[in-house]
Amino acid sequence: MRFQIKEELGISNRGNQARLKNVMKKAAAGEKLTIAFLGGSITQGSLATKPELCYASCVSNWWRENYKEADFTFINAGIGGTTSHFAAARVKEDVLSYQPDLVFVEFSVNDDPTPFFKETYEGLIRKILLSETSPAVVLIHNVRYDTGGNAQTIHGAIGRYYNLPAVSMQSTIFPSVVSGNLPIRDITEDDLHPNDLGHELVAEVVTSFLKAVDKAREEKEGDFAVPEKTVTENHYEHCIRYNNKNLSVITSEFNKDEEPQQGITDIFKNGFYSAKTGAVIKCRVPGSEIAIQYRKSVAHPAPVAELVIDGDLEHKIILDGNFSEDWGDCLYLQPVLVHGESRVHTLEIRIAEAGDKNIPFYLNSIIAADAAE
């Protein structure tokens, strides 16, 4: 039995389709186009048996087959276990540097439904919409198939405010799982990441929407405009990632990782590391929002570090390198200053417990942001 997508249920927000229709018109005219997919492990293709079977590849195939004369470049910028917070810091390098015409954004099972992630998500969306090529944006809301949980409430609110097209697995695939018409183990092994069939169904939700837009691409659409006023305080539109290439280091007893990075999914690169108890790295970072990105390891005992901000020894922050889950080492992003004072801050990270000497504490980067002046 083939699962049938009900097109109207998949569209959680129609949105203004002017930019998307323009992409389709260019494709129909045989122009060169760049389409990017930005998200977490589902976008990266987790649990698909081959990269070409993940939903992003399947959606890319739809564009190739539907517009055979167009010259497409497809960018898969999915990194497992990451959120819109990290995406706001990396989107310029990983996506916008390719001057995309269209960006699909997928973080609804990575972000928590909290005000913090509502703000990071808005910052990410604004950064894309206001970038040089004014790309079209389509939001993808994946879902947990055991609970139906995701961050669609907050992501959807941002999508509606910016009048963006959005599609949802919560209103299409998940109800069939709940009803028993679609056994959960037919589409996912872990209740979250789709298998090959699951990825195919996610792609079908997306392409069903694209087909509807394509059918009406010549119909007049109102002009698309990005509102000047924001929903949140919007600090994360102005988000920067500092690593060993650009961090202002005062002093360091850590080693600098200079091994070349092999693509964006080669995640533990360009950082600083040490396995020595008491080793310190001290640096300066500007902003009102600061987060520490480091490795949490499945191998225990892993190192534990302490962070002191601006010499405040009474409020040390623990950076625990021990990962409580078992799916692999995690590129963990820990906010340590949220809506703080906007200035240059001094950060000191000291290894308090070295753990297993074969497992260094790995500081990937420091991500900082600030509101627009």
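Read on for an overview of the structure. (Residues numbered from 1 in each chain as written. Predicted model: local features only at pLDDT ≥ 70, side-chain atom pairs only at ≥ 80, totals over all residues. Heavy atoms only, no water.)

### A closer look at unusual backbone geometry
Selection rule: Per the convention used, a helix needs a DSSP run of H or I reaching at least four residues, while a strand needs a run of E reaching at least two, with both numbered from the N terminus.
Of note, the bond from His300 into Pro301 is cis; its omega dihedral lies within 30 degrees of zero at 0°. Within the secondary structure, Pro301 sits in the loop between β12 (289-296) and β13 (304-309). Positive phi outside glycine occurs at Asn163, with the angle close to 60°. Take Asn163: it is sitting in the loop between α7 (152-161) and β6 (166-168). Non-glycine residue Asp310 carries a positive phi angle of around 55°.

### Quick look at the side chain of His85
To keep it simple, the criterion reads: Relative accessibility under 20% of the residue-type maximum defines a buried residue, over 50% an exposed one, and the middle range a partly exposed one, all with a 1.4 Å probe and only protein chains included. Any two residues whose heavy atoms approach within 4.5 Å are treated as being in contact.
With respect to the helices and strands, His85 occurs in helix α5 (residues 84-94). A relative accessible area of 4% means that His85 is categorised as buried. If we skip the residues at most four places from it in the chain, His85 touches Phe116, Phe117, Thr120, Tyr236, Cys239, Ala291, Leu333, Pro335 and Ile367.

### Some words on the packing of aromatic side chains
As a reminder, the rule being used: Two rings from Phe, Tyr or Trp (for Trp, the six-membered ring) form a pair when their centres sit within 6.5 Å of each other. Planes less than 30 degrees apart are called stacked, planes more than 60 degrees apart edge-to-face, and all others tilted.
One pass over the structure, following the stated rule, counts 15 aromatic pairs. When the centroid spacing of 5.1 Å and the interplanar angle of 80° are considered together, the rings of Phe116 and Phe117 count as edge-to-face. Their ring planes at 0° and their centres at 6.3 Å tell us that Tyr273 and Tyr362 sit as a pair that is stacked. One end of the pair, Tyr273, is in strand β10 (residues 272-274); the other, Tyr362, is in strand β17 (residues 361-369), and 89 residues separate them in sequence.

### Side note on the environment of Arg126
Stated formally: Think of a polar contact as two N or O atoms within 3.5 Å of one another; within protein, one of them needs to be a possible hydrogen donor and the other a possible acceptor, and neighboring residues in sequence only count if both atoms come from side chains.
Structurally, the position occupied by Arg126 is in helix α6 (residues 115-129). Given the relative accessible area of 7%, Arg126 is considered buried. Distance in space between the C-alpha atoms of Arg126 and Lys276 is 42 Å, their sequence separation being 150 residues. Residue contacts for Arg126: discarding those within four places in its chain leaves Tyr162, Val226, Pro227, Glu228, Lys229, Thr230, Asn234 and Glu237. At 2.8 Å, the side chain of Arg126 and the backbone oxygen of Pro227 are in polar contact.

### A short note on the pattern of salt bridges
Heads up, the condition is: Salt bridges are defined by distance alone: a side-chain nitrogen of Lys or Arg within 4 Å of a carboxyl oxygen of Asp or Glu.
Under the defined criterion, the tally for this structure stands at 13 salt bridges. Where Lys21 meets Glu221, a salt bridge forms, and the shortest distance between an N and an O atom there is 2.8 Å. Of this pair, Lys21 sits in helix α2 (residues 18-28) while Glu221 sits in the loop between α9 (196-215) and β7 (239-242); the two residues are 200 residues apart in sequence, bridging distant segments of the chain. On the accessibility criterion, Lys21 (3% relative accessible area) is buried. Note that Glu218 and Arg217 form a salt bridge whose closest N and O atoms lie 3.7 Å from each other. Each member of the salt-bridge network shares a partner with another, and the members are Arg14, Lys21 and Glu221.

### Looking at the packing of α6 against α7
The criterion, for reference: Note on definitions: angles span 0 to 180 degrees between N-to-C directions of axes, and those axes are lines fitted to C-alpha atoms, for helices only across the stretch in contact. For a crossing to be left-handed, the near helix must be turned anticlockwise from the far one by less than a right angle; the clockwise case is right-handed. Throughout, the ten residues Ala, Val, Leu, Ile, Met, Phe, Trp, Tyr, Cys and Pro are labelled nonpolar, Asp, Glu, Lys and Arg are labelled charged, and all others, Gly among them, are labelled polar.
It is at 10 Å that the axes of α6 and α7 come closest, and there the two elements cross at 40°. Seen from above, α6 lies across α7 with right-handed handedness. On the side of α6, the interface is formed by Phe117, Lys118, Tyr121, Glu122 and Ile125, while α7 contributes Ile154, His155, Ala157 and Ile158. Residues that form the contact of α6 with α7 fall into these classes: 6 nonpolar, 1 polar and 2 charged.

### Looking at the pairing of β17
As a reminder of what qualifies: What makes two strands pair is DSSP finding at least two bridges between them.
Burial analysis of β17 places 9 of its 9 residues in the buried class, which makes it a mostly covered element. Relative to β17, β7 is paired through 4 bridges, and the arrangement is antiparallel. Following the sheet pairing, Ile240 is matched in β17 by Ala368. Note: β10 against β17, 3 bridges, orientation antiparallel. Opposite Phe272, over in β17, you have Leu363 as the bridge partner. The pairing of β12 with β17 spans 6 bridges and is antiparallel. In the strand pairing of β17, Tyr294 is matched with Leu363.

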